[in-house]
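Structural characterization, general
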Amino acid sequence: VKMPRAAGDTLRGVNIRIARNFGKRQGIEGCIHHDQHTVGMYYSMRDKLSYLWTFIRDPTERAMSVAGMKLSKQILKSDSRDAFYASTLDNTTTTNLTDHVMNLLQHSTNIHDGVLSEGRGGFQLQFGMQKYIEAYGAVDPLEPTKIIDTSNLLNEVSKVFKKYDFVGIVERFDESLVALQLLLGLETSDVLYFAVNTRQQWQRAKVARGKFVCRKPFDWQVDLLTDPALTDYLINSPEWLAQNYGDHLLYHAASLSLDKTILKIGLDVFAYELKKFRALLKEAHEKCHPKLPCSEDGVDQLYKSQYDCRDGMVGCGESCLDELAEGSTNHSSSRRV
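Here's a quick rundown of the structure. (Residues numbered from 1 in each chain as written. Predicted model: local features only at pLDDT ≥ 70, side-chain atom pairs only at ≥ 80, totals over all residues. Heavy atoms only, no water.)

With respect to the nonpolar core
Here is the rule: The term nonpolar core refers to a set of buried residues drawn from Ala, Val, Leu, Ile, Met, Phe, Trp, Tyr and Cys, joined through side-chain atoms within 4.5 Å. Per-residue accessibility, obtained with a 1.4 Å probe over protein chains only, is compared with the maximum for each type, and a residue is labelled buried under 20%, exposed over 50%, and partly exposed between these values. Numbering of helices and strands runs from the N terminus, with a helix taken as a DSSP run of H or I at least four residues long and a strand as a DSSP run of E at least two residues long. Should any heavy atoms of two residues lie within 4.5 Å, those residues are counted as being in contact.
Core analysis: the biggest nonpolar cluster contains 52 residues, and F55, I56, F166, L177, Y193 and F277 have the highest contact counts within it. Take this core: its biggest share by element is 6 residues, from helix α12 (residues 267–287). Once residues within four sequence positions are removed from consideration, F277 is found in contact with D174, L177, V178, T188, V191, L192 and Y193. Of all hydrophobic cores here, the second largest spans 21 residues; its members include A67, M102, Y233 and L234.

Put into C-alpha cells, the structure is as follows:
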C-alpha cells in the first residue's frame, strides 16, 4: 500500500526491484500491485498467499510534507516564487503564508492527498484501514480537541497490524528495508534504492504548451518550520493531537513492532546485514548517477530518465545497481573460495 507522502515513489521502485529480482531467481514472472490511489480497503479480501506491506511516517512530518507538496505544485505552475506569493497570497508576508498552511492543517481531508482523516483519528489510519472505521468515530467535529474513545482507537490500530504482513517506518527507512529483506529471504541488492521526489531534488513542471522547466520545490523545513505560530500549533495544540491521535498510536506501534522483529531476527544477524546494506548503498551513491527527469543542477533531462527509470520517475539507476550487486556477489564468492 503506497501511503501518500511517506516515501511512496521510492518504495514503489523497491517493490518493483524485489518482484523483478525474485522472479528472475525463481524463474517466474513477478506479480505486484502498487498503485498510488489504492487505499487499504482494496486489499481486505486479498489472496492468502500475497504479502501486504506498507510504510508509515511521523504524522506531523507527513502533514508538513503534504503542505509542502501542495505549495510546490502552485510554485511550479507560477512564473516564479515571487509570482506565486503575489497570486496565491496577495502579498509576500509570512502571516498570509502561515494562514494558508494552517488552513491546510485544519481542513484538508482529501482521501488521497489530504492532511487529516474524517474524524477517524488520523490520515494514515484511515488510508490503511481494511475494516471500515466510522467517520467521526474518533473525533467529533463540534469538539475537535476531544478524543471520543481512546480504547476503541487503539483497537482499530490493532486491526491494522493484523491485516498487514509488514509495516515499516520512513524515519527508520534502512532498518525497515533490511528487516523486510530478512523476513522475505531476499538478497541485500533487492532492496537497494535511490530516493525520488525529495525536497532537495528539482522538479519538472509544465509552464506552457510543450514547454517544461525544472524548478526547486517548496522546502517546508526551511520555509515553514521557522514560523513560531506553525511550530506552536504542531507541538502544543490539543486539536492537532486529537486529530492525529490514531496515527501517533499507529506510528509508535509500528516502531515497537520493528524492534520486536529485529530481536526475533537476532541483533547480531541484523546488525551485520544492516551494515552490509548501508555499505552497498553508500557505494551505489558514490558510483551510480541515476538520471532523474531533472538533473542535480536543474537541467531538464526527461529523455534520459525514460531510459534509466521506470515510468521516467521510479526505480532509477536500476542497471547500475544491478552491476554493483553482481560485483558484490562475485566478490563474496571469491572470498569463500
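That covers the picture; the talk isn't over yet.
A closer look at the pattern of salt bridges
For clarity, the threshold we go by: Salt bridges are counted wherever a side-chain nitrogen of Lys or Arg sits within 4 Å of a carboxyl oxygen of Asp or Glu.
Throughout the structure, instances matching the rule amount to 18 salt bridges. Of the charged contacts, one joins D300 and R204 as a salt bridge, the two residues approaching to 2.9 Å between their closest N and O atoms. With a gap of 96 residues between them, D300 in the loop between α12 and α13 (302–308) and R204 in strand β5 (residues 203–208) connect regions that are remote in the sequence. Residue classification places D300 among the partly exposed positions, given a relative accessible area of 29%. For E283, the salt bridge identified is with K287, shortest N-O distance 2.8 Å. Highlighted residues: E283 and K287, both in helix α12, separated by 4 residues, approximately one helical turn.

A look at the pairing of strand β3 (residues 143–147)
Selection rule: Two strands make a pair as long as DSSP finds a minimum of two bridges between them.
Note that strand β2 (residues 139–140) and β3 share 2 bridges and pair antiparallel. By the bridge assignment, D140 is partnered in β3 with E143. Hairpin connection between β2 and β3: a loop of 2 residues separates the two successive antiparallel strands.

So, the packing of helix α11 (residues 245–265) against α12
Under the convention used in this document: Lines fitted to the C-alpha atoms define the axes, with helices restricted to the stretch that makes contact. Angles between their N-to-C directions range from 0 to 180 degrees. Angle categories: roughly parallel below 35 degrees, roughly antiparallel above 145, roughly perpendicular from 65 to 115, and oblique for all the rest. Under the scheme applied here, ten amino acids are nonpolar (Ala, Val, Leu, Ile, Met, Phe, Trp, Tyr, Cys and Pro), four are charged (Asp, Glu, Lys and Arg), and all others, including Gly, are polar.
At their nearest, the axes of α11 and α12 sit 6 Å apart, and the two run at 105 degrees to each other. The orientation of α11 with respect to α12, classified from their angle, is roughly perpendicular. Where α11 approaches α12, its residues I262, L263 and I265 are matched on the opposing element by L267, V269 and F270. Across the contact of α11 with α12, the residue classes tally to 6 nonpolar, no polar and no charged.

Looking at the state of the cysteines
Note the threshold: Throughout, a disulfide means two cysteine sulfur atoms within 2.5 Å of one another.
Evaluated as defined, the whole model comprises 3 disulfides. The disulfide partner of C288 is C320, and the gap between their sulfur atoms is 1.9 Å. Handedness here is read from the sign of the S-S torsion; for C288 and C320, about -85 degrees, the answer is left-handed. Residue C288 is located in the loop between α12 and α13, and its partner C320 is located in helix α14 (residues 318–336); the two are separated by 32 residues in the primary sequence. When sorted by exposure, C288 lands in the same class as C320, which is buried. Once the bonded cysteines of the protein chain are numbered in order along the sequence, the disulfide links fall as 1-3, 2-6, 4-5.

Some points on the environment of Q201
We apply this condition: N or O atoms within 3.5 Å of each other form a polar contact, as long as, within protein, one can give a hydrogen and the other can take it, and as long as residues adjacent in sequence are counted only when both atoms are side-chain atoms.
Inspection of the secondary structure puts Q201 in the loop between α7 (173–184) and β5. For the pair Q201 and P217, spaced 16 residues apart in sequence, the C-alpha to C-alpha distance is 7.6 Å. With near-sequence residues (within four places) excluded, Q201 lies in contact with A195, V196, K216, P217 and L292. A polar side-chain atom of Q201 sits 2.9 Å from the main-chain carbonyl oxygen of A195. A polar side-chain atom of Q201 sits 2.8 Å from the main-chain amide nitrogen of N197.

Some thoughts on the side chain of T60
For T60, the location among the structural elements is in helix α2 (residues 59–77). Not counting residues up to four positions away in its chain, the partners in contact with T60 are L234 and W240.

Any link to function would need more than the numbers given here.
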